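Summary of the model geometry
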Amino acid sequence: MGEKKKKIIKTIKIDVDNCNGCRACEVICSAFHAAPKYSSNNPARARIRVIRQPLADIYVPVYAGDYAPAECAGREKYTIDGKEYDECAFCKASCPSRDEFKEPDSDLPLKCDMCEGEDEPLCVKWCLNDALILEEREEEVEEEEEQEELDIGLEALAKKYGMQKVMDSIARMSMSKKG
Ligand code: SF4
Ligand code: SF4
């Protein structure tokens, strides 16, 4: 059994009804993660994307979750309050079937890091409509479990993209954190 340690779990609660599709969250997220920091903004690089169907008054902010090596076989369609949402509208995965949550130059998966190093996630701060609300809770986790998760994730990435591409991407990410 590994040692237990306390971990703060951060969650962004999304209130779809409050989102007006302004895309400020995409702008600040991509700027924060640019290298050097704030040197550019490009929503295609954002780790939050607003799935938009303006004619149907649909705006769904979704932040990037885990990398999925394969498309899922079954998908859902939701109708909520009379609005019909596309399949995948609520999905956070960086997956082969869509362009969202991939670094446009390298195609490597993007994942929300909760704006590591900042007091508050910047998309939450910049959302003036309270569509994004930060929630925090404390949990005990096994140190070994964390390492195992990391190993599985890295192995999957190396298999798909090759170790060199993964290493290059990590180097680029660490440069952007220094910037
Ligand atoms: S900043 Fe808030 S209101 Fe604007 S698109 Fe993002 S989630 Fe929606
Ligand atoms: S918390 Fe930070 S990294 Fe995550 S989606 Fe929001 S701005 Fe991007």
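A few points on the structure.

Procedures and definitions
- Residues numbered from 1 in each chain as written.
- Chains lettered and ligands numbered in written order.
- Predicted model: local features only at pLDDT ≥ 70, side-chain atom pairs only at ≥ 80, totals over all residues.
- Heavy atoms only, no water.
- Near = heavy atom within 4 Å.
- Nonpolar A, V, L, I, M, F, W, Y, C, P; charged D, E, K, R; others polar.
- Salt bridge = Lys/Arg side-chain N within 4 Å of Asp/Glu carboxyl O.
- Helix = DSSP H or I, 4+ residues; strand = E, 2+ residues; numbered from the N terminus.
- Buried < 20%, exposed > 50% of the residue type's maximum accessible area, 1.4 Å probe, protein only.

**Some points on the site of ligand 2**
Lining the immediate surroundings of ligand 2 are Ile12, Cys29, His33, Arg47, Ile48, Tyr63, Cys112, Asp113, Met114, Cys115, Pro121 and Cys123. A breakdown of the residues in the shell around ligand 2 according to their chemical character gives nine nonpolar, one polar and two charged.

**A closer look at the site of ligand 1**
Within the structure, ligand 1 sits among 13 residues, and Cys19, Cys22, Arg23, Cys25 and Cys127 are positioned closest to it. Broken down by class, the residue content of the shell around ligand 1 amounts to nine nonpolar, three polar and one charged.

**Some remarks on the pattern of salt bridges**
Summed over all chains, the structure comprises eleven salt bridges. Arg49 is the partner of Glu26 in a salt bridge, and the nearest nitrogen-oxygen pair spans 3.4 Å. Of this pair, Glu26 sits in helix α1 (residues 24-32) while Arg49 is found in strand β2 (residues 48-53), placing the two residues 23 residues apart along the sequence. You'll find Glu26 and Arg49 in the same group, each marked buried. The closest approach of N and O atoms between Arg45 and Glu103, which form a salt bridge, is 2.5 Å. Within this pair, whereas Arg45 is found in the loop between α1 and β2, its partner Glu103 is found in the loop between β5 (83-85) and α2 (122-126), the two being separated by 58 residues in sequence. Under the relative-accessibility criterion, Glu103 is labelled buried at 14%. What you see here is one network of salt bridges that share partners, running through Arg23, Glu26 and Arg49.

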